[in-house]
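# Structural features, examined
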Amino acid sequence: MEPKIKIRSITREKIEEDFLASIFGKFFIEVTSLAFFTMRFFKEVLKPPYEFNELLKQSFLIGYKSFPLVGITGFIIGLVFTIQTRPTLDKFGAVSMLPAMVAVSLIREIGPVITGLIFAGKVGSGIGAELSSMKVTEQIDAMQVSGTNPFKFLVVTRVLAATMMLPLLAVLADAVGLLGSFIGVNLRGSVSASFFFLQVFQSLTFSDLLPAIVKTFFFGFAIGLIGCYKGYCANTGTEGVGKAANSAVVFASLLVFLIDMIAVQITSLYQY
Amino acid sequence: MKKETSNKIKLGIFISIGMMVFIVGIYFIGEGKQLFRKTFRVSGIFKDVGGLQPGNNVRLSGVNVGTVDNIMIVSDTSVRVEILFDETVRKFIMKDAVASIGSEGLIGNKTIIMYPGTGGKKEIENNDIVQTVPPLGVDDFMISLKKTIDNTTNITSDLSKVTENIRSGKGTIGRLLMDQSMDQNFDSTVANLKEGSAGFKILMDKANDIDEILTSLKTTIDNTSSITSNVSKITDSIHSGKGTIGMLLMDSTMRQNIDSTVVNLKKSSAELKTLMEKAKDSWMLWGF
């Protein structure tokens, strides 16, 4: 009986060790792999030839095609946020500060982050699924054989398009969100458009708008890069496509929050 | 190919709109901070700026006409505040303008309130230093409020004592309100007043008789007047030593005469007494 118990305990410990090693090992392997992937991106992005047509095509698909979704989301967020904030401000007798408060919240935080998350959901998963399916069907290998640099053609263009389009989408989402907020304010009150936007712009400063827009470049870069990385490094088989799309969304969304946290910390260093 | 061109046009429009919205946003935010307007700079030295920050508004007659550009601590007792004014309001701000620090609301941002100065003075110039008024801080307000509250506490305490006295029927008002006998007295007073007024009415009805009374009263007053006049003359005579009483009261020789008369009378009476004693012993008056 004695040796049996000993063998069991050793086995359990070993399993636990293997389990932890597999989790941490996988994580660090993933981090290293991503770091190399990023370094390769920066190498390839500066090296000619430049794929302008593909960049424009991807910008159209990633930016223009995402606008309806981002616009509707921004509008609803602006509207709902205004309606939800009104009772709290009403308690303080500060309903007149509603446009200013919604504007600052929307421009500084909610607009960029919501746009980033929607973008991660739509574009991150799309890129992940597209590239992983190309990978599993060996289209990427075929491109390489035909003399085209698949990394430059597929990854660089998508990452650049995502990096450039997300700030534009965030600006438009902010504008549409303010429009939603204006309607939200007028649901229970009567404020003219000129007075509403006067209050909005009086409450805003450059230190509200510019850091928020700058961080969306990083959001876009992270989402594009993660989508491409997950798709480009997908396992073979149809299972790999689903996994790549799913993990691209999850990881990209997480990165959006992480970057946002870091950006807020940096911004608060010089903001009074 | 055609679709590709169309997509590029759509993308171009999308990017243009996005950029335009961004630039419009930048413009309007900058406009609020006087960034795209012609401005002039004025400074003010404050002892305490009470939390004023660069970017806060400057108001003239309640209108935002500028922004706080910079705040610098010059020494331990003075803070220099640089203000950017819209060029169009220069004609309203004179050399003797005064700047004060106020608040946009109870929980709002700090703001500089400009008092334009007196008319007839020269307009303010670039880099001028305006006079300032120390701001009324929240601490000052709280101190003032505390004094008011203390006074109110004293007043309410006194008022409580007064109402307590009234409730216990002390003092005139207390008795008036709480004492039942007072109430009865009041009732009877009112009743008397009613009776009195009824009598007064009757009296008024007989107002014709009053003329006779007044005539009689006038005669009496005239008589009294002549009597008092006579009395006055008499007292004057007495005072000046005229007449018997006057001499008696006011003349010093008369007093001496009376004194000597009295002395003589006393002396005479003593001698008379001695004589009577001797007469009693005399054989001629035996049997008396």
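Residues numbered from 1 in each chain as written. Chains lettered and ligands numbered in written order. Predicted model: local features only at pLDDT ≥ 70, side-chain atom pairs only at ≥ 80, totals over all residues.

In this section: the confidence of the model for chain B. Counting all residues, the mean pLDDT for chain B is 81, and 93% of those residues have values of 70 or more. With a pTM of 0.63, the predicted complex shows an ipTM of 0.79. (pLDDT = per-residue confidence, 0-100.)

So, about the environment of Val241 of chain A. Turning to its location among the elements, Val241 of chain A is positioned in helix α9 (residues 238-270). Along the sequence, Val241 of chain A and Ser132 of chain A sit 109 residues apart, while their C-alpha atoms lie 5.1 Å from each other. (Helix = DSSP H or I, 4+ residues; strand = E, 2+ residues; numbered from the N terminus.)

Next up on the list: helix α6 (residues 150-188) of chain A. Residues and elements named next belong to chain A. With 39 residues, α6 should reach 57 Å at 1.5 Å per residue; the first-to-last C-alpha distance of 55 Å fits that figure. At Val156, α6 shows its maximal bend, which comes to roughly 25°. For α6, the tally of buried residues reaches 30 of 39 residues, placing the bulk of the element in the interior. (Expected span 1.5 Å × (residues − 1). Bend = angle between axes of the 7 residues up to and from the residue. Buried ≥ 20, exposed ≤ 12 C-beta atoms within 10 Å, placed from the backbone.)

Both faces of the sheet carry side chains from a regular strand, because those side chains alternate between them. Residue and element names in this part refer to chain B. In terms of strand pairing, strand β1 (residues 39-46) meets strand β4 (residues 78-86) through 8 bridges, oriented antiparallel. What sits directly across from Ser43, in β4, is Glu82. Inspection of the sheet shows β1 paired to strand β7 (residues 128-133) by 3 bridges, in the parallel sense. Note that in β7 the partner of Val42 across the bridge is Asp128. (Pairing = 2+ DSSP bridges.)

It is worth spelling out the sheet that holds strand β5 (residues 98-103) of chain B at this point. All names here are of chain B. The strand order β1-β4-β3-β2-β6-β5-β7 describes a closed barrel built from 7 strands, whose pairing is mixed. The sheet shows a mean angle of 40° between the axes of neighbouring strands, direction not considered. Of the strand pairs in this sheet, strand β2 (residues 57-60) and strand β6 (residues 110-115) are connected by 3 bridges, and their pairing is parallel. Residue Arg59 lies in a different strand from β6, and its bridge partner there is Ile113. (Axes fitted to C-alpha atoms, helices over the stretch in contact; angles between N-to-C directions.)

All right, on to the interface of chain B and chain A then. For an interface, size is often stated in terms of accessible area lost upon the parts coming together. Taken together, the contacts link 15 residues of chain B with 17 residues of chain A. Of the residues in the side of chain B that touches chain A, the class split is 7 nonpolar, 6 polar and 2 charged. (Contact = placed C-beta atoms within 7 Å. Nonpolar A, V, L, I, M, F, W, Y, C, P; charged D, E, K, R; others polar.)

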